[in-house]
Amino acid sequence: MLALCDKIIKILSYKGCTDNELYENVVSKVVESNPTENSCAGFAKMLDKHGKPDEAVTYYEKAISMAEADTMKSAYNLAIAAIYTSKKAYTSAASYARRAIAQNPNNGTAYIILATSYAAVPVGEDAYERSLTYWVVIDKLQKAKAVDPSVSATANKLIGQYIGACPKKEEAFMHGVTPGTPVTVG
């Protein structure tokens, strides 16, 4: 019976049919009796849709601990990163995005979340130092496009938004930064 329920969860999740009563009932039963990777991930998705992001994170973490495939671990970490992004908890979002990238270096969406998390909280003592953050942001967005062409349109749009926040050439020169000079951003 449990194997059948897990198969139902997997099929309905794959088909995107997670908004129906059957899915919710099956997921809840499996999570209660014998949690599996699929049921925990499905339950997490359901909790997030129902406005319970903290509980969703808990179940995504359980799914990660049960997952064997790095691509699935990456997907779950990406889901957690998205939850933290929506909560404006950018440090946590960046942390989970980096985990997703470590498990799947071709996860362009994770690079985008990482870039937007950095952009949301630029670091530095003054305006010039904070503007350096946007070089890192642009770099991550370029990387997103390079590893995953399917995110190119989103990455290009964000690059267009953030490019103006980068230091101007003259300003960088006044701080001793010329093309090719390595720069460390906090």
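See the structure above.
None of these values were measured; they are calculated from a predicted model.

Engineer: Would you mind showing me how to read the environment of Ile 11 here?
Structural biologist: Among the structural elements, Ile 11 can be located in helix H1 (residues 2-14). C-alpha of Ile 11 to C-alpha of Lys 29: the two residues are 18 residues apart in sequence and 16 Å apart in space.

Engineer: Can you walk me through unusual backbone geometry in this structure?
Structural biologist: Across residues other than glycine, the phi torsion is negative in most instances, and most of the peptide bonds are trans. One non-glycine residue, Lys 88, lies in the positive phi region at around 60 degrees. Along the chain, Lys 88 turns up in the loop between helix H5 (70-86) and helix H6 (90-103).

Engineer: Sorry if this is basic, but what is going on with the nonpolar core here?
Structural biologist: Across soluble globular proteins, nonpolar side chains have a tendency to be buried as a group. One finds Leu 141 and Tyr 162 to be the most contacted residues of the largest nonpolar core, which totals 53 residues. Discounting residues that sit within four places of it in the chain, Leu 141 has contacts with Ile 112, Ala 115, Ala 155, Leu 158, Ile 159 and Tyr 162.

Engineer: So what exactly am I meant to see when it comes to the packing of aromatic side chains here?
Structural biologist: We describe a pair of aromatic rings using the distance from one ring centre to the other and the angle between the two ring planes. Scanning all chains against the criterion turns up four aromatic pairs. Relative to Tyr 59, the ring of Phe 43 lies with its centre 4.8 Å away and its plane at 85 degrees, an arrangement referred to as edge-to-face. Here Phe 43 is found in helix H3 (residues 37-49), whereas its partner Tyr 59 is found in helix H4 (residues 53-66), with 16 residues between them in sequence. Between Tyr 84 and Tyr 96, the aromatic rings sit 5.7 Å apart at their centres with planes inclined by 25 degrees, giving stacked as the arrangement. Here the residue Tyr 84 occupies a position in helix H5, and Tyr 96 occupies one in helix H6, the gap between them amounting to twelve residues. Take Tyr 84: its relative accessible area is 17%, and that puts it in the buried class. Exposure remark for Tyr 96: the relative accessible area of 10% places this residue in the buried category.

Engineer: I'm lost on helix H2 (residues 21-33) in this one. Help?
Structural biologist: Since one α-helical turn is 3.6 residues long, residues separated by three or four positions face the same way. The end-to-end C-alpha distance of H2 is 18 Å, a good match for the 18 Å that 13 residues give at a rise of 1.5 Å each. Burial in H2 covers these residues: Tyr 23, Val 26, Val 27, Val 30 and Val 31. Along the axis of H2, the buried positions cluster into a sector of 125 degrees, meaning they face one direction only. More than 90 degrees from the buried face of H2, the exposed residues found are Glu 21, Lys 29, Glu 32 and Ser 33.

Engineer: Would you mind going over the environment of Trp 135 with me for this structure?
Structural biologist: Looking at where Trp 135 falls in the secondary structure, it is placed in helix H8 (residues 127-147). Sequence-wise, Trp 135 and Asn 107 are 28 residues apart; in three dimensions their C-alpha atoms are separated by 20 Å.

Engineer: Mind showing me how you'd approach a negative patch on the surface here?
Structural biologist: Together, Glu 125, Asp 126, Glu 129 and Glu 171 give the surface a local cluster of negative charge. The residue Glu 125 is located in the loop between helix H7 (108-120) and H8 in this model. For Glu 125, a relative accessible area of 72% translates into the label exposed.

Engineer: Just checking my understanding: could you explain the packing of H7 against helix H9 (residues 152-162) for this structure?
Structural biologist: Geometry of a packed helix pair, given as the angle between the helix axes and the separation of the axes. Relative to each other, H7 and H9 sit at 15 degrees, their axes nearing to 11 Å. Taken together, H7 and H9 sit at an angle that is classed as roughly parallel. In terms of crossing hand, the pair formed by H7 and H9 is left-handed. Here H7 contributes Ile 112, Thr 116 and Ala 119 to the contact with H9, which in turn contributes Thr 154, Ala 155, Leu 158 and Tyr 162. A class-by-class count of the residues in the contact of H7 with H9 yields five nonpolar, two polar and no charged.

Engineer: Whenever I open this one, the packing of H5 against H7 confuses me. Can you help?
Structural biologist: Here H5 crosses H7 at 30 degrees, and the two axes come no closer than 10 Å. Relative to H7, the element H5 is oriented roughly parallel. H7 is crossed by H5, and the crossing has left-handed handedness. Across from Leu 78, Ala 81, Ala 82 and Thr 85 in H5, the residues of H7 making contact are Thr 109, Ala 110, Ile 113 and Ser 117.

Analysis parameters
As a convention, each chain's residues are numbered from 1 in the sequence order in which they are written. Restriction of local features to residues with pLDDT of at least 70 applies here, the model being predicted, together with a cutoff of 80 or more for giving and counting side-chain atom pairs; totals for whole chains, interfaces and linings are based on all residues. Note that water and hydrogens are dropped before the side-chain values are worked out from all heavy atoms of the structure. Helix and strand assignments come from DSSP, with helices taken as H or I runs of at least 4 residues and strands as E runs of at least 2, each series counted from the N terminus. Buried Ala, Val, Leu, Ile, Met, Phe, Trp, Tyr and Cys residues that are joined via side-chain atoms within 4.5 Å together make up what is termed a nonpolar core. Using a 1.4 Å probe on the protein chains alone, a residue whose accessible area is under 20% of its type maximum counts as buried, one over 50% counts as exposed, and one in between counts as partly exposed. In this description, contact between two residues means that some pair of their heavy atoms is separated by no more than 4.5 Å. Two aromatic rings, drawn from Phe, Tyr or Trp (for Trp, its six-membered ring), form a pair once their centres lie within 6.5 Å of each other, and the interplanar angle then sorts them: stacked below 30 degrees, edge-to-face above 60, tilted otherwise. To estimate the expected span of a helix, subtract one from its residue number and multiply by 1.5 Å. In this context, the arc is that of the directions from the helix axis out to the C-beta atoms. Only residues whose relative accessible area exceeds 30% and that take part in no salt bridge are eligible for patches, with like-charged residues grouped when within 9 Å of each other and nonpolar side chains (Val, Leu, Ile, Met, Phe, Trp, Tyr) grouped when within 5 Å. Only the protein chains shown count as covering a residue, and every accessible area follows the Shrake-Rupley method with a 1.4 Å probe. Any Lys or Arg side-chain nitrogen found within 4 Å of a carboxyl oxygen on Asp or Glu counts as a salt bridge. Residues counted as positive are Lys and Arg, residues counted as negative are Asp and Glu, and His and the chain ends are not counted. Charge placement uses NZ in Lys and CZ in Arg. For Asp and Glu, CG and CD serve respectively. Here an axis means a line fitted to C-alpha atoms, over the contact stretch when the element is a helix, while the angle between two N-to-C directions is reported on a 0 to 180 degree scale. Here is the rule for angles: anything less than 35 degrees is roughly parallel, anything more than 145 is roughly antiparallel, 65 through 115 is roughly perpendicular, and the remaining ranges are oblique. Here a crossing is called left-handed whenever its near helix is offset anticlockwise from the far helix by less than a right angle, and right-handed whenever the offset is clockwise. Asp, Glu, Lys and Arg are counted as charged, while Ala, Val, Leu, Ile, Met, Phe, Trp, Tyr, Cys and Pro are counted as nonpolar; the rest, among them Gly, fall into the polar class.

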